[in-house]
Number of protein chains: 2
Amino acid sequence: MQELNTTTNLNTTRDDVFDAIEKQDAAFLKTIISDLHPGELADLLESMPPKKRSFLWENIPSALDADILAEVQDEVRTTLIRDMNHAELISAAAAMEVDDLADVIEDLPEEMRTAVEDSLSDSIREKLETNLSFEEDTAGRLMSTDVVTIRPDVRLETVIRYLRWRGALPEHTHGFFIVDREGQYLGMLPIEALVTHDDAVLVGDVMQPDNNCLEATTSTHEVAQIFERYNLISAAVVGQGKLLGRITIDNVLDIIRDNANHTLMSGVGLDEGEDLFAPVSISAKKRTIWLAINLVTAFLAAWVIGLFETTIDKIVALAILMPIVASMGGIAGSQTLTITIRGLSLNQISGPNVFWLARKEFAIGVINGFLWAIVIALLAWAWFGDVGIGLVIGAAIIVNLIVAAISGITIPLILKRLGSDPAVSGAVVLTTVTDVVGFMSFLGLASIYLI
Amino acid sequence: MQELNTTTNLNTTRDDVFDAIEKQDAAFLKTIISDLHPGELADLLESMPPKKRSFLWENIPSALDADILAEVQDEVRTTLIRDMNHAELISAAAAMEVDDLADVIEDLPEEMRTAVEDSLSDSIREKLETNLSFEEDTAGRLMSTDVVTIRPDVRLETVIRYLRWRGALPEHTHGFFIVDREGQYLGMLPIEALVTHDDAVLVGDVMQPDNNCLEATTSTHEVAQIFERYNLISAAVVGQGKLLGRITIDNVLDIIRDNANHTLMSGVGLDEGEDLFAPVSISAKKRTIWLAINLVTAFLAAWVIGLFETTIDKIVALAILMPIVASMGGIAGSQTLTITIRGLSLNQISGPNVFWLARKEFAIGVINGFLWAIVIALLAWAWFGDVGIGLVIGAAIIVNLIVAAISGITIPLILKRLGSDPAVSGAVVLTTVTDVVGFMSFLGLASIYLI
């Protein structure tokens, strides 16, 4: 491994790389690259516009291809694979770990996939098939099959002799898995047990019963929660009691980050693995769908305003003030919505405490509703010199902030119950509610009391 | 360690715990608790309203206090500490690791802090002071000082004999740190080296030069990026070449999650460590500040509308349609803003590619601007039977979507340059721009061409 680079160093390196690409100076580019770690190259590729990314990718030694493909985000990987020919892809596949390969192979066009699969050895192909037999986003798909297994009836000294003969262990090996002759998983022997116990004892006598093993069908979201909850570094994966593989924390890290980013990105209609440097055509298409959905809700709000056309025609001040009611409701509602969605994803919200939370949000809605109603009423009164307008907007603010608070907690719960992801559609539904209720209450009250 | 619980199991357990607390049945509660892992109890405490949380906390055996306090989110920890007396806190502090203690002690009221500090042994207090001498959110504060160090001039068999004599290793020990007599850090000996090499060789001959060690002053944000980039499991922390401690990935996990959540939560004026079950008074206060900021921008937008009072008075359709222009701009802008903020936090945006990105966003703004301008113009024309209104709203949509795209990328970059966190203030500034530009362009064009 080469020297570790700080982010500042890497930024300087990136400037140099950009420079070399700009000048099409492949020789200089190769010199810079030769000092870099695959993780650094992955970062660099992720932060390059398409043409520069292709040029850089072509100049990276193919020995690093496997590591880099395993490291980059999904969307970026697709662009890299598009630049590779059959031979390059086959040699990269040969160097990949099975779990990474399973991830990559699903993204390949049909004929490339067949070519890669045909190139694999029987034992690797079998492991790959096991991996792919589990659904995406499960422990079975995430696991690595590269594990060291030991029988319980041997002495530690035998294990140590075997390991000395074997040489290097698989990356991130923190322990050995004890299985019987039928492959049934019996427990763990942490690597440190080899050097903290007398070497004459039997593995079976010092192994630990492993209560942290995961069923292969466990969702990766749950795997991440389990790793966090129990502070795990690695865990065995089993199916029907048989050892299938192991998951190490470096795989879980990506899931934790993706889960957290998911809420952020899907709130504006994007994927958590979004490629910042995707070409305009792809990005514009994704975003336009979100704008289309929003347009429907915007026209709905406009239609509500249209119901009060004659009222606005008489008191134009209403048109001026109405965005304030909608906007305050939107902000208050998003606060509740965001905290609820996060609570759901952390599994902090369930039956018995929902009522407590709903009451809390209602109380906050009432408090903030009255507070801001007074402030806004006074400001509106002062602006238009009409106490009636002040009273009406104050009342509308109270209504909208209370509705916003209740919607902020009930909308994600209902969406979840309906099997829809609240992180994706919660904000759209919420702002529709706060817009409609905001305009309706403000203009409705005005048409009753001010006309 | 007890049996691992799935989330579904834990939810059932939580229902039982709620039930026991509801009935004030301490005996039954203690039975349930006795089967739970500190990580599970931390999760449970985090998902309890204040009174229930207190009751549960009182009934948890104090032997688990240290582990639980280390595990829960900051805000929840504050509420737990408030329920503890001096004696309980002192005994919890004694059982804590120094890095966790440093985290906790800063949250304590002055006199409690002094009491806890006085209770510590000299060696622990010294370690704590080293830890606290580094700024918050640095590697020096995050590190654990519980490390096993070895001299380079001993044989592996001596190391193994020492370890057998020593017994259990500190949690998550993946290697030993090689230091000379002056404490200068020389390199790493991975634990597996002890069992894959002949035990007659010298430590110095098989140790690895460690290029992954971190300066104690490195920010935790950078620590997280380094762990992700280089797939690290643990790293040494040094200061002036001397070994100070180590950081393991389980500490980094929390940072990665917090960093990702930060963007999400601060976009609505909340902290990433927000306690979902904070009392109404605390939550209402936090959220009201955000509403206050938003109110200023809402009044700014209203003021812009007010400039065109006479125009709206003549053509009331403008009042009906104007939220559509503002809302489409707001959505398009948030998409660009979100992806830019994420790109900044992943360090994917720097000098040479900013121009490419800005051009890309501009192109998306133009494409989506024209597309939706046509759709909205036709709908508005059909609705109000006035081709002029259609043309004016179409033009305003184009202007606002282009401005939104450019603002979405420039606002976070400018905020960052000014030393302000784009995740906190980006959205407020952006919607102010899209509201003002949306109303101004729509109503402005209308007053020029339609009156």
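Next up on the list: the overall build of chain A. When helices and strands are counted, chain A shows 22 helices and 6 strands. Here the C-alpha radius of gyration of chain A, 29 Å, is well above what a compact globule of 451 residues would show, namely 22 Å. With the C-alpha coordinates of chain A rotated into their principal frame, the extents come out at 95 × 60 × 40 Å. A total of 451 residues make up chain A; the buried ones form 50% of that total.

Residues and elements named next belong to chain B. Spatial ordering of the open sheet is given by E4-E5-E6, a layout of 3 strands whose pairing is mixed. Taken across any chain shown, the strands that pair with only one partner, and hence form the sheet edges, are strand E4 (214-215) and strand E6 (242-248). Pairing geometry for E4 and strand E5 (residues 234-239), over 2 bridges, is parallel. Its bridge partner being in E5, glutamate 215 is matched across the sheet by valine 238.

This brings us to the nonpolar core. Counting 192 residues, the largest nonpolar core has Ile393 of chain A together with Ile393 of chain B as its most contacted members. When sequence neighbours within four positions are dropped, the list of residues in contact with isoleucine 393 of chain A reads Leu321, Val325, Ile376, Ala377, Ala380 and Phe442 of chain A. Within the second largest apolar cluster, 88 residues are counted, among which are Tyr185 of chain A together with Tyr185, Leu194 and Ala236 of chain B.

Facing 106 residues of chain B, the contacting portion of chain A comprises 106 residues. Tallied by class, residues from the side of chain B that touches chain A come to 51 nonpolar, 35 polar and 20 charged.

Residues and elements named next belong to chain A. Across the sheet, 3 strands lie side by side as E1-E2-E3; this open sheet has mixed pairing. At either margin of the open sheet sits one strand with a lone partner, and together these are strand E1 (149-150) and strand E3 (185-190). Two elements, strand E2 (residues 175-179) and E3, share 5 bridges in a ladder whose sense is antiparallel. Looking at E3, one finds that isoleucine 178 is bridged to glycine 187.

Before going further, it helps to spend a moment on the relation of the copies chain B and chain A. In screw terms, the move from chain B to chain A is a rotation of 180 degrees and a rise of 0.0 Å along the axis, fitting with an RMSD of 0.0 Å. As the rotation angle and translation indicate, the two copies are arranged about a two-fold axis.

What follows deals with the environment of aspartate 210 of chain A. Residue and element names in this part refer to chain A. Residue position: aspartate 210 is located in the loop between helix H14 (203-206) and strand E4 (214-215). Using a count of 20 C-beta atoms within 10 Å as the deciding quantity, one classes aspartate 210 as buried. Placed 59 residues apart in sequence, aspartate 210 and arginine 151 show a C-alpha to C-alpha distance of 15 Å.

Moving on to the environment of threonine 130 of chain B. By the secondary structure assignment, threonine 130 of chain B is in helix H10 (residues 122-132). As for threonine 130 of chain B and alanine 102 of chain B, which are separated by 28 residues in sequence, their C-alpha atoms are 9.7 Å apart.

Turning next to the pairing of E2 of chain A. Residues and elements named next belong to chain A. Across the 5 residues of E2, 5 count as buried, placing the element largely inside the fold. Bridge count for E1 against E2 is 2 bridges, and the pairing is parallel. If you follow isoleucine 150 over to E2, its bridge partner there is isoleucine 178. What joins E1 to E2 is helix H12 (residues 156-166), and the crossover it makes is right-handed. The antiparallel hairpin formed by E2 and E3 contains 5 residues in its connecting segment, where glycine 183 sits at a positive phi of about 85 degrees.

Quick look at the packing of helix H19 (residues 317-345) of chain B against helix H21 (residues 387-417) of chain B now. Residue and element names in this part refer to chain B. Contact geometry of H19 with H21 gives a least axis separation of 8 Å together with a crossing angle of 30 degrees. Comparing their axes, H21 and H19 come out roughly parallel. H19 and H21 meet at a crossing whose hand is right-handed. A class-by-class count of the residues in the contact of H19 with H21 yields 18 nonpolar, 8 polar and 1 charged.

Residues and elements named next belong to chain A. The element helix H15 (residues 220-229) is largely enclosed, with a buried count of 8 among its 10 residues. Along H15, the residues that are buried comprise Thr220, Val223, Ala224, Gln225, Ile226, Phe227, Glu228 and Arg229. Immediately downstream of H15, the backbone of asparagine 231 shows phi near 50 degrees, a positive value.

Where a strand is regular, its side chains alternate between the two sheet faces. All names here are of chain A. Of all 6 residues in strand E5 (residues 234-239), 5 are buried, a share of seventy percent or more. Of the pairings in the sheet, the one linking E5 to strand E6 (residues 242-248) comprises 6 bridges and is antiparallel in character. The partner of valine 238 across the bridge, within E6, is leucine 243. Hairpin connection between E5 and E6: a loop of 2 residues separates the two successive antiparallel strands, and glutamine 240 in this loop has a positive phi of roughly 50 degrees.

Let us look at the packing of helix H21 (residues 387-417) of chain A against helix H22 (residues 422-449) of chain A. Residues and elements named next belong to chain A. Where H21 meets H22, the closest approach of the two axes is 8 Å, and the angle between their N-to-C directions is 155 degrees. As judged from the angle between their axes, H21 and H22 are roughly antiparallel. Once H21 is placed against H22, the crossing between them reads as right-handed.

All names here are of chain A. For chain A, mean pLDDT is 90; residues scoring 70 or higher make up 99% of the total. By mean pLDDT, helix H13 (residues 193-196) is the weakest element of chain A at 84, and H21 is the strongest at 96. As scored by the predictor, the complex reaches a pTM of 0.89 and an ipTM of 0.89.

Here aspartate 137 of chain A, not a glycine, exhibits a phi torsion of approximately 60 degrees, which is positive. By the element assignment, aspartate 137 of chain A lies in the loop between helix H10 (122-132) and helix H11 (139-142). When the 14 C-beta atoms within 10 Å are taken as the criterion, aspartate 137 of chain A is described as partly exposed. Backbone geometry at glutamine 24 of chain B places phi at a positive 55 degrees, although glycine is not the residue there. Structurally, glutamine 24 of chain B can be placed in the loop between helix H1 (7-22) and helix H2 (26-34). Glutamine 24 of chain B sits in the exposed class, given 9 other C-beta atoms within 10 Å.

The subject of this paragraph is the environment of threonine 79 of chain A. Note that threonine 79 of chain A resides in helix H6 (residues 74-82). Non-local contacts of threonine 79 of chain A, meaning those with residues more than four positions away in its chain, are made with Pro50 and Arg53 of chain A.

Each value, and the rule that gives it
Residues numbered from 1 in each chain as written. Chains lettered and ligands numbered in written order. Predicted model: local features only at pLDDT ≥ 70, side-chain atom pairs only at ≥ 80, totals over all residues. Helix = DSSP H or I, 4+ residues; strand = E, 2+ residues; numbered from the N terminus. Rg over C-alpha atoms; globule rule 2.2 N^0.38 Å. Buried ≥ 20, exposed ≤ 12 C-beta atoms within 10 Å, placed from the backbone. Pairing = 2+ DSSP bridges. Core = buried A, V, L, I, M, F, W, Y, C linked by C-beta atoms within 7 Å. Contact = placed C-beta atoms within 7 Å. Nonpolar A, V, L, I, M, F, W, Y, C, P; charged D, E, K, R; others polar. Least-squares fit on C-alpha atoms with pLDDT ≥ 70 in both. Right-handed = clockwise from strand over helix to strand, strands pointing away. Axes fitted to C-alpha atoms, helices over the stretch in contact; angles between N-to-C directions. Parallel < 35°, antiparallel > 145°, perpendicular 65-115°, else oblique. Left-handed = near helix turned anticlockwise from the far one by under 90°. pLDDT = per-residue confidence, 0-100.

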